[in-house]
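Chain and residue survey
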Amino acid sequence: LNDVRLDAVTEALAAAGDDVTIVFVGPFETHDREHWRDYYARKGVTFVVPDSPPFPLEGPDHARASFLAYNWLKQQARFDVIHFPEINGVGFYALTAKQLGLAFEATCLAVTLHSPTLWHRLENQEAVVDTEDLVLDFMERACVANADVLISPTRYLLRWAVDWGFQLPTQVHVQANLTRAAAAPRRGSTGLPEELVFFGRLETRKGLQLFCDALELL
């Protein structure tokens, strides 16, 4: 949590006057639900962690998380728009339910092409050795294909998805990730950078090797 992209989107929507709710079904890496509920409440955003249903859920972790999201969403008053990332297939059951005419008839289900599991493996030069990766690939492809609207942050990722056989919906848009405005240069500053920072996981796909090569050239 506290992802800068999530914060930027929720803050922008809340500032525009929209009622924004975050439905969180993943494990907490830091803090707990009370911390994040208070954190987002200060931003005018509702933070919800769905309770587990009164019956046992079987299957891979990501499939269970997707069902928790669907089970909570279908019981709420209608949302105008629900945004899902394709990664980990979190919107799989909700999007499938709409395709079957079971729910969300009047709700726009938007999917953002974030970073498919197959892209992770290929760009990190890793082999696909876990059957759960195949489950995730299936769920993520279904999320993309069944979206009412697909949003990709770059044309590159959209081309990659097409090259690897993803089926795209009719409405597709390229929209760069929202970010907070950069801080203004300090008074008296030349405007030239004083330090270079690599922001991202220490992985090949995040451009770490490219960053190090650029430093050597500089």
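Let me sum up the structure you'll find in this document. All values derive from a computational prediction rather than experimental measurement.

1. Section: the sheet that holds strand β4 (residues 108-112)
Strand order in this open sheet of four strands is β3-β4-β5-β6, and the pairing throughout is parallel. With one partner strand each, in any of the chains shown, β3 (81-85) and β6 (171-174) form the two edges of the open sheet. With direction set aside, neighbouring strand axes in the sheet form an average angle of 25°. Strand direction decides the pairing type here: β3 and β4, joined by five bridges, are parallel. Within β4, the position partnered with V81 by the bridge is C108.

2. Section: the packing of helix α3 (residues 61-73) against helix α6 (residues 131-146)
Two elements in contact, α3 and α6, have axes separated by 9 Å at closest approach and are oriented at 35°. Only E132, L136 and M139 of α6 make contact with α3, whose side of the interface consists of D61, H62, A63 and S66. When grouped by side-chain class, the residues that make up the contact of α3 with α6 number three nonpolar, two polar and two charged.

3. Side note on the packing of aromatic side chains
Summed over all chains, the structure comprises 16 aromatic pairs. Their ring planes at 35° and their centres at 6.5 Å tell us that W36 and Y40 sit as a pair that is tilted. One end of the pair is W36 and the other is Y40, both in helix α2 (residues 33-41) and four residues apart, which spans about a single turn. Taking the relative accessible area as the measure of exposure, W36 reaches 2% and is therefore buried. Look at Y40 and you get buried, because its relative accessible area is 0%. It is R141 that lies over the ring of F166; its NZ or CZ is 4.3 Å from the centre.

4. Considering the side chain of E140
Structurally, E140 can be placed in helix α6. Here E140 occupies a buried position and makes no salt bridge, while the nearest side chain of opposite charge, R141, is found at 7.4 Å. Every residue in contact with E140, bar those within four places of it in the chain, is listed here: E86, I87, N88, G89, P116, T117 and F166.

5. Side note on the nonpolar core
With 35 residues, the main nonpolar core has Y70, F84, F104 and L113 as its most contacted residues. Of all the elements in the fold, those that place two or more residues in this core are α3, β3, α4 (92-99), β4, α5 (117-123), α6 and α7 (155-163). Here the element with the most residues in this core is α3; it accounts for eight residues. When sequence neighbours within four positions are dropped, the list of residues in contact with F104 reads Y70, L73, K74, I82, A94, K98 and L109. Residues V20, F24, Y39 and V45 belong to the second largest nonpolar core, which totals nine residues.

6. Comments concerning the pairing of β3
Going residue by residue along β3, you find I82 and F84 tucked away on one face and V81, H83 and P85 left uncovered on the opposite face. As for the winding sense of the linkage, the β-α-β connection from β3 through α4 to β4 is right-handed.

What counts, and where the lines are drawn
- Residues numbered from 1 in each chain as written.
- Predicted model: local features only at pLDDT ≥ 70, side-chain atom pairs only at ≥ 80, totals over all residues.
- Heavy atoms only, no water.
- Pairing = 2+ DSSP bridges.
- Helix = DSSP H or I, 4+ residues; strand = E, 2+ residues; numbered from the N terminus.
- Axes fitted to C-alpha atoms, helices over the stretch in contact; angles between N-to-C directions.
- Contact = heavy atoms within 4.5 Å.
- Nonpolar A, V, L, I, M, F, W, Y, C, P; charged D, E, K, R; others polar.
- Phe/Tyr/Trp six-rings, centres within 6.5 Å; stacked < 30°, edge-to-face > 60°.
- Buried < 20%, exposed > 50% of the residue type's maximum accessible area, 1.4 Å probe, protein only.
- Lys NZ or Arg CZ within 6 Å of the ring centre and 35° of its normal.
- Lys, Arg positive; Asp, Glu negative; His and termini not counted.
- Salt bridge = Lys/Arg side-chain N within 4 Å of Asp/Glu carboxyl O.
- Core = buried A, V, L, I, M, F, W, Y, C linked by side-chain atoms within 4.5 Å.
- Right-handed = clockwise from strand over helix to strand, strands pointing away.

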